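One letter stands for each residue in the lines below.
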Amino acid sequence: MLLELETFSIETALEAAIRLQTVLAARTHRRKVMGQDVMVPGQLGEALQLPRIINRLQSRQQKQRELGLEDFQELWPTLSAQTRERVLTDIGW
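Residues numbered from 1 in each chain as written. Predicted model: local features only at pLDDT ≥ 70, side-chain atom pairs only at ≥ 80, totals over all residues. Heavy atoms only, no water.

1. A short note on helix 3 (residues 50–57)
As a reminder of what qualifies: Accessibility here uses a 1.4 Å probe with only protein chains present; expressed as a share of the type maximum, an area under 20% marks a residue as buried, one over 50% as exposed, and anything in between as partly exposed. Comment: elements are numbered from the N terminus, with helices defined as DSSP H or I runs of at least four residues and strands as E runs of at least two. By definition, the arc is the one covered by directions from the helix axis to the C-beta atoms. Two residues form a contact once any of their heavy atoms are found within 4.5 Å.
Within the sequence span of helix 3, burial applies to Leu-50, Ile-53, Ile-54 and Leu-57. Looking straight down helix 3, one finds its buried side chains confined to an arc of 95 degrees; they lie on one side. Tucked inside the fold, the buried residues of helix 3 contact helix 1 (10–25), helix 2 (44–47) and helix 4 (62–75).

Structure representation (structure tokens):
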């Protein structure tokens, strides 16, 4: 199921962005810390500026929410099809 970008409203983009952040954080990586193997959560959400996008989508100012929507619409097509599908399934689309 491939959605057109125009179908995202500010509300649905916010819901998808929050779910995307959860999906990306669920990816763990093995790291050595002081000789011990530890599993650490993925940092891709931060690298993709998801916290900033979510903050903009939650802003009280309409202009900020619109900027957040634009940012999310630019990010969405760069994600893998599997990641997009997982997010859409998780939000019930």
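2. A few points about the packing of aromatic side chains
Keep this limit in mind: The aromatic pairing rule takes the rings of Phe, Tyr and Trp, using the six-membered ring of Trp, and pairs them if the centres are within 6.5 Å, calling planes under 30 degrees apart stacked, those over 60 edge-to-face and the rest tilted.
Counted by the stated rule, this structure contains 4 aromatic pairs. Judged by centre distance (5.2 Å) and plane angle (80 degrees), the ring pair of Phe-8 and Phe-72 falls under edge-to-face. Of this pair, Phe-8 sits in the segment before helix 1 while Phe-72 is found in helix 4, placing the two residues 64 residues apart along the sequence. Summarising the burial analysis for this pair, Phe-8 and Phe-72 share the class buried.

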